[in-house]
Amino acid sequence: MKPVQVFRRRAHQVSRIVRDQGLRTLSARALRTAAKRLGADAEVFPVRLEDVRAADVSARKPVVVPPVPADGSLTINWISTPPAPGSGGHTTMFRLIQHLESLGHTCRLYLYDVYGSRAVDHEPVIRAAYPGFRGGVFDVTEGMADAHAVFATAWMTAYPAFNDPCAGKRFYLVQDYEPWFFPVGGLSALAENTYRMGFHGFTAGRFLAEKLRTDVGMPADWFDFGCDADRYHLREDAARDGVVFYARRLAPRRAIEIGLLALEVFAERHPDVVIHTYGEKIGSLGPRHVDHGLVTPDELNAVYNRCYAGLTLSMTNVSLVPHEMLAAGCIPVVNEAGHNRVVLDNDHVRYAPATPHDLARTLSDVVTTPDFDAVARAASASVSGRSWDAAGHELEKVLRRELLV
């Protein structure tokens with residue numbers, strides 16, 4: 001982005017913050033920004049306080065659904081935080097959207113950005129990262145047009161979905177149990193409150209649907225994780241030499257601290273095995289470490305094909321990573337947890353208690369497996385039938401059942 005464009009974008013952000021939140025908030029933001037530059041731990045509040053204040057979660061609004069046209073085509077509003085390239089949650093959302101679009105439905109994207117940027121600022125990035133998306137991109141703070149369905153896609157987006165007066169039955173794409181993202185306190189409560197807004201859930205895996213039904217009585221359907229076989233697949237010419245770990249400090253639920261300690265213990269036992277990391281640059285872990293940083297899917301497939309095992313930790317709902325590793329013949333080593341076993345449901349996944357030594361031992365077991373080529377082929381074949389089309393078909397089935405009543 002050119003300097004002039006950056007300046008104009010920042011000017012728009014400042015003017016919107018002043019308009020929406022007042023000079024007092026702008027001053028507080030300036031102080032937080034300055035503190036962050038000096039090394040202090042400070043972040044912008046993830047949801048607009050006026051949205052929380054406006055949402056009487058106990059109140060039930062009448063559900064108004066416009067008539068469905070004779071051709072059966074639906075219009076769906078999706079409220080999302082600004083999508084970023086490489087974001088697993090946004091990638092899944094766009095896969096579902098693009099499947100609906102392929103069936104003739106209209107999808108609109110409404111952005112919810114607490115940093116004050118406009119939809120027009122984000123649209124070029126969205127079009128480049130998700131070129132299959134055909135719908136319009138708008139600001140949710142400017143109001144939504146009527147639709148048959150309105151989807152919240154993260155806890156903070158549930159507030160504008162609840163508050164906006166537009167027509168449309170409310171749904172909730174739930175890809176993780178987001179109250180677990182925070183220590184017990186105000187933010188965890190605000191996130192959990194969104195599950196009591198009367199929306200219909202559509203969750204990534206069975207674990208979340210069952211938890212929402214049991215804990216808060218929220219109606220929910222679920223979809224199985226797919227696997228992008230065009231991107232992640234077994235390469236016959238691959239020469240495996242290592243293990244791999246998704247390392248990202250900004251996602252505490254992926255337990256980077258435990259993972260790095262496990263790799264340290266593993267490296268002491270296997271100094272000849274290369275350790276690959278990706279997600280963000282983390283610095284050197286030793287002479288046999290390759291720090292890939294942020295990679296494209298094609299580059300990541302090449303990394304997986306170089307590795308016997310992949311350490312993938314999930315303290316909350318699982319990520320897309322284990323199935324993608326399996327497709328490339330790389331055996332996922334996952335922390336032992338009921339939510340992981342329920343969603344993955346694959347005999348080739350290896351589980352271990354979430355301790356550095358247990359995880360290191362399990363990585364070692366995989367690396368020393370006899371005839372690993374046969375293991376890799378079987379692991380890849382175990383996910384060959386998984387497709388994101390199945391998730392899209394399930395979503396359309398749910399929409400038709402809920403809207404055509």
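The numbers attached to residues start from 1 for each chain and follow its sequence in the written order. With the structure being a predicted model, the display of local features is reserved for residues of pLDDT at least 70 and the display and counting of side-chain atom pairs for 80 or more, all residues being used for whole-chain, interface and lining totals. Side-chain measures here rest on the full set of heavy atoms in the structure, leaving out hydrogens and waters.

The protein is annotated in an unreviewed UniProt entry as Glycosyltransferase family 1 protein from Saccharothrix mutabilis subsp. mutabilis.

On to the nonpolar core. In terms of nonpolar packing, the biggest core is built from 110 residues, with Trp78, Tyr304 and Leu399 touching the most fellow members. Residues are treated as being in contact if the distance between any of their heavy atoms lies within 4.5 Å. With residues near it in sequence (within four places) discarded, tryptophan 78 still touches Met93, Ile97, Leu100, Cys107, Arg108, Leu109, Tyr110, Phe151, Thr153, Leu173 and Leu395. Here, nonpolar core refers to any group of buried Ala, Val, Leu, Ile, Met, Phe, Trp, Tyr and Cys residues whose side-chain atoms link them within 4.5 Å. We call a residue buried when its accessible area falls under 20% of the maximum for its residue type, exposed when it is over 50%, and partly exposed in between, using a 1.4 Å probe and counting protein chains only.

On to the packing of aromatic side chains. Centres within 6.5 Å are what make two rings of Phe, Tyr or Trp a pair, Trp counting through its six-membered ring; a difference in plane orientation under 30 degrees is then read as stacked, over 60 as edge-to-face, and the rest as tilted. In this structure the tally under the stated criterion is 19 aromatic pairs. Between phenylalanine 151 and phenylalanine 171, the aromatic rings sit 5.2 Å apart at their centres with planes inclined by 20°, giving stacked as the arrangement. With phenylalanine 151 in strand E4 (residues 149–152) and phenylalanine 171 in strand E5 (residues 169–174), the pair connects residues that are 20 residues apart, well separated along the chain. Among the aromatic residues, those joined into a cluster by ring pairs are Tyr172, Tyr177, Trp180, Tyr195, Phe199 and Phe207. The residue whose ring lies beneath lysine 61 is phenylalanine 162, and the NZ or CZ to ring-centre distance is 4.6 Å. Geometrically, a charge over a ring is one whose NZ (Lys) or CZ (Arg) sits within 6 Å of the ring centre while staying within 35 degrees of the ring normal. Between arginine 341 and the ring centre of tyrosine 351, over which it is positioned, the NZ or CZ distance is 4.0 Å. Here a strand is any run of E in DSSP of at least two residues, a helix any run of H or I of at least four, and the numbering for each starts at the N terminus.

The next subject is the confidence of the model for the protein. For every residue, the predictor assigns a confidence score, pLDDT, that lies between 0 and 100. With 89% of its residues at a pLDDT of 70 or more, the protein shows a mean pLDDT of 90. Here residues 21–42 scores under 50 on pLDDT; set against residues more than four positions off or in separate chains, the count is 18 contacts.

Quick look at empty space enclosed by the protein now. A pocket here means an open set of points on a 1 Å grid, computed over the protein atoms alone, that has protein on both sides within 12 Å along at least five of seven lines. A cavity is instead a set of points where a 1.4 Å probe fits but cannot get out; residues with an atom within 4 Å of a point line either one. Grid points are joined across faces, edges and corners, and a volume is the space filled by probe spheres set on the points. Scanning all chains against the criterion turns up two cavities of 30 Å³ or more. Its boundaries defined by the atoms lining it, the second largest cavity holds a volume of some 30 Å³. Partitioning the lining of the second largest cavity into residue classes produces four nonpolar, two polar and one charged. For this scheme, ten residues count as nonpolar: Ala, Val, Leu, Ile, Met, Phe, Trp, Tyr, Cys and Pro. Four count as charged, namely Asp, Glu, Lys and Arg, and the remainder, Gly too, count as polar.

Let us look at the sheet that holds strand E6 (residues 200–204). On the basis of which strands lie adjacent, the open sheet formed by seven strands has the order E3-E2-E1-E4-E5-E6-E7 and parallel pairing. Edge positions in the sheet fall to strand E3 (137–139) and strand E7 (220–223), since each has one partner strand and no second. Strand-to-strand twist in this sheet, taken as the mean axis angle between neighbours without regard to direction, amounts to 25°. DSSP-based pairing: two strands are paired if at least 2 bridges between them are found. Of the pairings in the sheet, the one linking E6 to E7 comprises four bridges and is parallel in character. Of the residues in E7, the one forming a bridge with alanine 204 is phenylalanine 223. Axis angles are defined between N-to-C directions and span 0 to 180 degrees, where every axis is a line fitted to C-alpha atoms and, for a helix, only to the segment in contact.

Before going further, it helps to spend a moment on helix H4 (residues 119–129). Here H4 has its buried residues at Ala119, Asp121, His122 and Ile126. Relative to the axis of H4, the buried residues are bounded by an arc of 145° and lie together on one face. Exposed residues on H4 whose side chains face more than 90 degrees from its buried face are Pro124 and Ala128. The arc in question is the one traced by the directions running from the helix axis out to the C-beta atoms.

The next point concerns the pairing of E6. Summarising burial for E6: five of the five residues are buried, a large majority. Burial along E6 is two-sided: His200, Phe202 and Ala204 and Gly201 and Thr203, pointing in opposite directions, are all buried. Throughout, right-handed denotes a crossover for which the path from the first strand over the helix to the second runs clockwise when the strands point away from the viewer. Running through helix H6 (residues 186–193), the crossover from E5 to the neighbouring parallel element E6 is right-handed. As for the winding sense of the linkage, the β-α-β connection from E6 through helix H7 (residues 206–216) to E7 is right-handed.

Another aspect to go through is unusual backbone geometry. In this model, alanine 255 sits at a positive phi of 50°, which is unusual for a non-glycine residue. Along the chain, alanine 255 turns up in the loop between strand E8 (242–247) and helix H8 (256–269). When its relative accessible area of 4% is taken as the criterion, alanine 255 is described as buried. At aspartate 371, a position not held by glycine, the phi torsion is positive, near 50°. Secondary-structure assignment places aspartate 371 in the loop between helix H12 (356–367) and helix H13 (372–381). Using a relative accessible area of 56% as the deciding quantity, one classes aspartate 371 as exposed.

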